[in-house]
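Understanding the architecture of this molecule
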Amino acid sequence: MLNFEFQNPTRIVFGKDTISSLDKLIPADARVLILYGGQSAERNGTLSEVRSALSGRTRFEFGGIEPNPAFETLAKAVALVRAERVDFLLAVGGGSVIDGTKFVAAASHFEGDPWKILESFGGAVQSALPLGVVLILSATGSEMNSGAVVTRKETHTKAFFSSPQVFPQFSILDPTKTYTLPARQLANGVVDAFVHVVEQYLTYPVDARVQDRFAEGLLQTLIEIGPKVVHEPADYDSRANLMWTAAMALNGLIAAGVPQDWATHLIGHELTALHGIDHAQTLAIVLPPMLRLRRESKRAKLLQYAERIWQLTTGNEDERIDLAIQKTQDFFEELGVKTHLSAYGVEAGAVDALVHALETHGMVGLGEHGDVTPVLSRKVYEAAL
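These notes cover the structure that comes with them. Residue numbering note: each chain is counted from 1, following its sequence as written. Given that this is a predicted model, residues contribute local features only at a pLDDT of at least 70 and side-chain atom pairs are listed and counted only at 80 or more, while totals for whole chains, interfaces and linings are drawn from all residues. Where side-chain values are given, they derive from all heavy atoms of the structure, hydrogens and water being excluded.

Quick notes on the overall build of the protein
Here is the rule we go by: In this text, helices come from DSSP runs of H or I with a minimum length of four residues, and strands from runs of E with a minimum of two, each type numbered from the N-terminal end. What the globule rule says is 2.2 Å times the number of residues to the power 0.38, and the radius of gyration is computed from C-alpha atoms. Note on classification: 1.4 Å probe, protein chains only; a residue is buried when its accessible area is under 20% of the maximum for its type, exposed when over 50%, partly exposed between these limits. By definition in these notes, contact holds between two residues if any of their heavy atoms fall within 4.5 Å.
Within the protein, the regular secondary structure consists of 15 helices and eight strands. Its C-alpha radius of gyration of 20 Å places the protein within 12% of the 21 Å reference for a compact globule of 385 residues. Here the C-alpha coordinates of the protein stretch approximately 65 × 45 × 45 Å along the principal axes. Of all 385 residues assigned to the protein, the portion counted as buried reaches 58%. Contacts in the protein between residues at least 24 apart in sequence constitute 78% of all its contacts with a sequence separation of at least 6.

In structure tokens, the structure reads:
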């Protein structure tokens, strides 16, 4: 097992009818800005509950944060924070709203060009406004980690930052708030959580038995509940298990003491930035060819994955690896998430621009071994067509 440090300060308030606890979680004298996305939080009644819980407080609202939060939009929220002397942020939504709120928290205290927060991957962040979360979409795990992804529309740049300053102080997780979500968002959430686990698990062995077994349990849970969540009427147990699995997939626990990959995410980012494909859809597109092309460096863990996740114990090693990758791809398709670029209208002529974007953004030595070069990335895009 590799050396590691682990700390997660986010308080989780989990279960039905927990939004009322906002009154105790946010300081009584705070000037609160509620941030949200489109109309889903309004339609399902979550915003109404939040307003009721904070009645009598000094509060402001900022809506319209996009599914891939835009730097340009978030800059307007920062201006509002400063104009109204806001001192507490509350994200009401899914990963994009939470990520955007984290950026607003950091940028509101930042002197100079706030894009430097992204350019430094968060290293330039010295302080941030406190923030809390009311989660309505299970997918990214942003409700319990210190990372965020922001897109700059002007340059089609999707960038990541992380800072311990932007851990949410608390996150309210009420599974019933996911009941009105469309199948597409639910499927995306299952895929997103699944690939988060894979990025931390399918690397190479370091005898981290606890992390491996924990990761395998999360993957098995998603395989068990995923089709039910997407295709059947909402029920509390499956939504609760999805919500907790997504949080545990990216709160740092299974990453402690193990090598991590993240090449699938970073290559997928360019598909979102240039073609507007949903983040989780890019993961479903990129992961299968990524695993096939890197099978030798991942052989030991792929065999472990084949046996423990898909119960594949017969046939030679290559046959078991092939079938495990195919079963993964089939799982995504079963959820309704297409796994080929052609299904999204992206053709072979788009590959050059995608690779150029990777090079421009410095994505030239990705993966746990730093061996995912632009040449290999091109092969992944081409194999995904």
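A look at helix α7 (residues 183–201)
To keep it simple, the criterion reads: The span expected for a helix works out to 1.5 Å for each residue beyond the first.
With 19 residues, α7 should cover 27 Å at 1.5 Å per step; its first-to-last C-alpha distance of 27 Å lies within 8% of that length. Taken across its 19 residues, α7 has 16 buried, putting it largely inside the fold.

A word on the packing of α7 against helix α8 (residues 209–231)
To keep things clear, this is the line we draw: Throughout, an axis means a line fitted to C-alpha atoms (over the contacting stretch in the case of helices), and angles, computed between N-to-C directions, take values from 0 to 180 degrees. Roughly parallel here means an angle under 35 degrees, roughly antiparallel means over 145, roughly perpendicular means 65 to 115, and every remaining angle is called oblique. A clockwise turn of the near helix away from the far one marks a right-handed crossing, whereas an anticlockwise turn of less than a right angle marks a left-handed crossing.
Where α7 contacts α8, the axes come no closer than 10 Å and their chain directions differ by 165 degrees. Looking at the two axes, α7 sits roughly antiparallel to α8. You can see that α7 and α8 cross each other, and the crossing is left-handed. Taken together, the residues of α8 that come into contact with α7 (itself represented by A183, L186, A187, V190, A193, F194, V197, V198 and Y201) are D212, A215, E216, L218, L219, L222, I223, G226, V229 and V230.

Observations regarding empty space enclosed by the protein
Just so we agree on the cut-off: Cavity means a closed set of points on a 1 Å grid over the protein atoms alone, one where a 1.4 Å probe fits but cannot get out, pocket means an open set with protein on both sides within 12 Å along at least 5 of 7 lines, and lining means a residue has an atom within 4 Å of a point. Grid points are joined across faces, edges and corners, and a volume is the space filled by probe spheres set on the points. Basically, the charged four are Asp, Glu, Lys and Arg, the nonpolar ten are Ala, Val, Leu, Ile, Met, Phe, Trp, Tyr, Cys and Pro, and anything else, Gly included, counts as polar.
Applying the stated criterion to the full structure yields three cavities of 30 Å³ or more. Lining the largest cavity are 14 residues, with Q200, Y201, D212, V258 and K301 positioned closest to its centre. Elements represented by at least two residues in the lining of the largest cavity include exactly α7 and α8. In terms of residues, the lining of the largest cavity owes the most to one element, α8, which gives three residues. Its residues assigned to classes, the lining of the largest cavity comprises nine nonpolar, three polar and two charged.

Describing the pattern of salt bridges
We apply this condition: The salt bridge criterion pairs a side-chain nitrogen of Lys or Arg with a carboxyl oxygen of Asp or Glu, the two atoms within 4 Å.
In total, this model carries 23 salt bridges according to the counting rule given. With a closest N to O distance of 2.3 Å, E49 and K177 form a salt bridge. In this pair, E49 is assigned in helix α3 (residues 46–53) and K177 in the loop between β8 (170–173) and α7, connecting sequence segments 128 residues apart. Judged by relative accessible area, which is 31%, E49 ranks as partly exposed.

Regarding the nonpolar core
The cut-off we apply is this: Throughout this description, the term nonpolar core refers to a set of buried Ala, Val, Leu, Ile, Met, Phe, Trp, Tyr and Cys residues connected via side-chain atoms within 4.5 Å.
Ranked by internal contacts, the top residues of the largest apolar core, which has 45 residues, are V191, F194 and Y305. Sorting the residues of this core by element identifies α7, α8, α9 (236–249), α11 (279–293), α12 (299–310) and α13 (317–334) as the ones contributing at least two each. Per-element accounting of this core gives the leading share, ten residues, to α7. When near neighbours in sequence (up to four residues on either side) are disregarded, Y305 contacts F194, Y201, L202, L219, W310, A324 and T328. With 39 residues, the next largest nonpolar core counts V81, F103, L135 and V150 among its residues.

Some thoughts on the sheet that holds strand β4 (residues 88–93)
Selection rule: Pairs of strands are assigned from DSSP output, requiring at least two bridges between the strands.
Spatially, the six strands line up as an open sheet ordered β1-β8-β5-β4-β2-β3, and their pairing is parallel. Strand pairing shows two members of the sheet lacking a second neighbour, β1 (11–14) and β3 (58–62), which therefore form its edges. Within the sheet, the average angular offset between the axes of one strand and its neighbour, ignoring direction, is 20 degrees. As paired strands, strand β2 (residues 31–36) and β4 are joined by five bridges and run parallel to one another.

A closer look at the packing of aromatic side chains
Using the following cut-off: Note on ring pairs: Phe, Tyr and Trp rings are taken, using the six-membered ring of Trp, and paired if centres are within 6.5 Å. Classes follow the plane angle, with under 30 degrees stacked, over 60 edge-to-face and the rest tilted. Look at NZ for Lys and CZ for Arg. If either is within 6 Å of the ring centre and within 35 degrees of the ring normal, a charge sits over the ring.
One pass over the structure, following the stated rule, counts nine aromatic pairs. With a centroid separation of 6.0 Å and an interplanar angle of 75 degrees, the aromatic rings of F14 and W244 are classed as edge-to-face. Pair noted here: F14 is in strand β1 and W244 is in helix α9, with a separation of 230 residues, a long-range link. Under the relative-accessibility criterion, F14 is labelled partly exposed at 34%. Ring geometry for F71 versus W115: centroids 5.2 Å apart, planes at 80 degrees, classification edge-to-face. Placement of F71 in helix α4 (residues 71–83) and of W115 in helix α6 (residues 115–119) is noted, with a sequence separation of 44 residues between them. Across the pair, W115 and F71 agree in class, each one buried. In this structure an aromatic cluster arises from ring pairing among F71, F103, W115 and F161. If you follow K16 out to its NZ or CZ, it ends over the ring of Y236, 4.6 Å from the centre. The ring of Y201 carries K301 above its face, with NZ or CZ at 4.5 Å from the centroid.

Comments concerning helix α14 (residues 351–360)
The condition is simple: As used here, the arc belongs to the directions running from the helix axis to the C-beta atoms.
Within α14, burial applies to V351, L354, V355, A357 and L358. Viewed along the axis of α14, the buried residues span an arc of 155 degrees, placing them on a single side of the element. α14 presents H356 and T360 as exposed residues on the side facing more than 90 degrees away from its buried surface. Contacts made by the buried residues of α14 are with α10 (263–275) and α15 (374–383). Within two residues after α14, G362 carries a phi angle of roughly 80 degrees, on the positive side.

Section: unusual backbone geometry
If you check the backbone angles, R85 has positive phi at about 55 degrees while not being a glycine. If you trace the backbone, R85 turns up in the loop between α4 and β4. The phi dihedral of W262 falls on the positive side, at around 75 degrees, and the residue is not glycine. Its location among the elements puts W262 in the loop between α9 and α10.

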